[in-house]
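Tertiary structure, described
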Amino acid sequence: MSERKISSLHEGSATDHDRQDTSTPARPNRQPANKRARQNPADKKPRRVTRDYLMNYATWYLERFTASRARLEKLMRGKIRLSIAEYDTDPQEAEDWMKSVLNTCEAAGFINDQAYALGRARSMLRKGKAMRVIGADLNARGIASHLIDQTITDLRDQADDAADHDMRGTDPNLAAAAAYARRRRLGPFRRPDQRDEKRDKDLAALARQGFSYDIALRIIDADSNDLENLLQIIDGL
């Protein structure tokens, strides 16, 4: 190769090298400011509470979730507490706003503790919850005791309506225990070769759900075909 060609190659290499050396360094990736803000929710200031704010919050929440009056009140009290700490909101005024909003929602039918309690109780029974567990759950959610009593009565009536004629008057706890056994594949819903080995474990599982030993025994030792009428009650709710 001639000296001229070699020289041009070296010159080209040097030029390429120089271009690489003088190129602008790549900038590090930076997260957008709004993404950084989302990663620090604790830095977000609470909203100042007004009646309009509480009304808007209640409407937004009830459009998305079914709630008891006590549940919504608990959530709004949390908003009020933050507003008092941040903006020195008057506690009595905020209390009056909250009660006004709750009463408005109740009058409009957005809050209906009786319907809420019955719907939740029916769902829990279908999942295999004992009646006393259902009552305790409603109490923990702030449902008044007289409404809980009425809900349990209504639930028994609905279970009775769903039963065959010869099964009327059956304890709903039996049907719920059968539903739980089916759901968790306990007792008669296990493989036959596992039933004896898992019997005590299955009895304990029903006991933890709030069922009496007698009910647990009747369900775990039954044949799956014998539970069809009980499961019909649950499926008919």
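So, here is what we can say about the structure in this document. (Residues numbered from 1 in each chain as written. Predicted model: local features only at pLDDT ≥ 70, side-chain atom pairs only at ≥ 80, totals over all residues. Heavy atoms only, no water.)

Running from N to C, helix α3 (residues 51-64) and helix α4 (residues 69-87) point in directions that differ by 135°, and their axes come no closer than 11 Å. As far as their axial angle goes, α4 and α3 are oblique. Of the two elements, α3 crosses α4, and the hand of that crossing is right-handed. The residues of α4 that touch α3, namely those facing Y53, L54, Y57, A58, Y61 and L62, are R71, L72, L75, M76, K79 and I80. (Axes fitted to C-alpha atoms, helices over the stretch in contact; angles between N-to-C directions. Helix = DSSP H or I, 4+ residues; strand = E, 2+ residues; numbered from the N terminus. Parallel < 35°, antiparallel > 145°, perpendicular 65-115°, else oblique. Left-handed = near helix turned anticlockwise from the far one by under 90°. Contact = heavy atoms within 4.5 Å.)

This part covers the pattern of salt bridges. Oppositely charged side chains may form a pair once their charged atoms are brought near each other. All told, the structure shown has 13 salt bridges when counted by the stated rule. The partner of E73 in a salt bridge is R77, with the nearest N and O atoms 3.0 Å apart. Here E73 and its partner R77 are both found in helix α4, four residues apart, which amounts to about one turn of the helix. What makes R77 partly exposed here is its relative accessible area of 33%. Among the charged side chains, a salt-bridge network with shared partners connects E73, R77, E95 and K99. (Salt bridge = Lys/Arg side-chain N within 4 Å of Asp/Glu carboxyl O. Buried < 20%, exposed > 50% of the residue type's maximum accessible area, 1.4 Å probe, protein only.)

On the surface, D88, D90, E93 and D96 cluster together into a patch of negative charge. Within the element layout of this structure, D88 appears in the loop between α4 and α5 (91-107). Residue D88 is classed as exposed on the basis of its relative accessible area, which comes to 67%. (Patch = residues over 30% accessible without salt bridge, like charges linked within 9 Å, V, L, I, M, F, W, Y side chains within 5 Å. Areas by Shrake-Rupley, 256 points an atom, 1.4 Å probe, with all protein chains shown as cover. Lys, Arg positive; Asp, Glu negative; His and termini not counted. Charge placed at Lys NZ, Arg CZ, Asp CG, Glu CD.)

With the rule as written, the count across this model stands at four aromatic pairs. Seen in terms of ring centroids, W60 and Y61 are 6.5 Å apart; in terms of plane orientation they differ by 50°. Their pairing is tilted. Overall, W60 belongs to the partly exposed group, its relative accessible area being 41%. Of the residues examined, Y61 reaches a relative accessible area of 11% and is grouped as buried. Seen in terms of ring centroids, Y61 and F65 are 4.8 Å apart; in terms of plane orientation they differ by 40°. Their pairing is tilted. The exposure class assigned to F65 is partly exposed, which follows from its relative accessible area of 42%. Put simply, the rings of Y57, W60, Y61 and F65 touch in pairs and so form one group of aromatic residues. (Phe/Tyr/Trp six-rings, centres within 6.5 Å; stacked < 30°, edge-to-face > 60°.)

Once that is clear, we can look at a positive patch on the surface. Residues R126, K127, R183, R184, K201 and R208 make up a contiguous surface patch of positive charge. When contributions to the positive patch are tallied by element, the ones reaching two or more residues are α9 (172-184) and α10 (195-208). In this fold, R183 is placed in helix α9.

Here we come to unusual backbone geometry. Trans peptide bonds make up the majority, and among non-glycine residues the majority have a negative phi. Of note, D88 is a non-glycine position whose phi angle comes to about 60°, a positive value. With phi around 55°, R185 is a residue other than glycine that occupies positive phi space. Positionally, R185 belongs in the loop between α9 and α10. On the basis of relative accessible area, R185 is assigned to the exposed category, the value being 54%.

Further remarks concern the nonpolar core. Ranked by internal contacts, the top residues of the largest apolar core, which has 42 residues, are L125, I134, L206, I219 and L227. It is α9 that provides the largest number of residues to this core, a total of eight residues. Setting aside chain neighbours within four positions, we find L125 in contact with M131, I134, L155, P172, A176, I234 and L237. By size, the runner-up hydrophobic cluster in this structure holds 19 residues, among which are M55, A67, I80 and M98. (Core = buried A, V, L, I, M, F, W, Y, C linked by side-chain atoms within 4.5 Å.)

Helix length check: α9, at 13 residues, gives a terminal C-alpha distance of 18 Å against a target of 18 Å (1.5 Å per residue), a fit within 8%. Burial runs high along α9: 10 of the 13 residues are buried. Among all positions in α9, only P172, N173, L174, A175, A176, A177, A178, A179, Y180 and A181 are buried. In this structure, the buried side of α9 is in contact with α6 (113-126), α7 (131-140), α8 (145-162), α10, α11 (213-220) and α12 (228-235). Once α9 finishes, R185 follows within two positions and takes phi at roughly 55°, a positive value. (Expected span 1.5 Å × (residues − 1).)

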